[in-house]
Amino acid sequence: MPLPPDTFSTAPITDALRPLLPDLSVGALLGFATGLALKKVGRVALIALGLLFIAVQLLASFDLLTVNWPRVQALADPWLRQGGELGGAWLARVLTANLPFAGAFTAGLLVGLRARR
């Protein structure tokens, strides 16, 4: 026996989601904006790091500065390793603290990080 046409109605689902839509849309918008901001700040930080490296190398080429690169690497390696392992989890915890819409925020954040601009 075929089911009546209104059995597969989406009305109960849309009625259940309607109160959540403002939180979900705000979360996604804030996540997207945060993703774009992190992308821009990261780009500026990398440019600053590159300019610092160029300045150090320029000073070293004029024998005004001597850099012990193996020592720099030995000092930076533990920080970079720990930052890579814990940095993402810490950032996610900070950005989604006390947010009821953390899932929408995270989705928006990922879209913002992947945006072309």
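Quantities reported herein were computed from a predicted structural model and do not represent experimental measurements.

(A) Highlighting the pattern of salt bridges. Here the structure, examined in full by the defined rule, presents 1 salt bridge. Ionic pairing is found between Asp77 and Arg81, a salt bridge with its closest N-O pair at 3.2 Å. Of the two residues, Asp77 and Arg81 both sit in helix α3 (residues 69–95), 4 residues apart, roughly one turn of that helix. Given a relative accessible area of 32%, Asp77 falls into the partly exposed group.

(B) Quick peek at unusual backbone geometry. The backbone of Asp63 shows a phi angle near 55°, a positive value even though the residue is not glycine. Mapped onto the elements, Asp63 comes out in the loop between α2 (21–61) and α3.

(C) Examining helix α4 (residues 102–114) more closely. Taking 1.5 Å of rise per residue, the 13 residues of α4 would be expected to cover 18 Å, and the 18 Å separating its terminal C-alpha atoms lies within 8% of that figure. Among the residues making up α4, those that are buried are Ala104, Phe105, Gly108, Leu109 and Gly112. One face of α4 carries all of its buried residues, which in axial projection span an arc of 140°. Away from its buried face, by an angle of more than 90 degrees, α4 presents the exposed residues Gly103, Leu110, Val111 and Arg114.

Quick notes on the rules
Residues numbered from 1 in each chain as written. Predicted model: local features only at pLDDT ≥ 70, side-chain atom pairs only at ≥ 80, totals over all residues. Heavy atoms only, no water. Salt bridge = Lys/Arg side-chain N within 4 Å of Asp/Glu carboxyl O. Helix = DSSP H or I, 4+ residues; strand = E, 2+ residues; numbered from the N terminus. Buried < 20%, exposed > 50% of the residue type's maximum accessible area, 1.4 Å probe, protein only. Expected span 1.5 Å × (residues − 1). Arc of directions from axis to C-beta.

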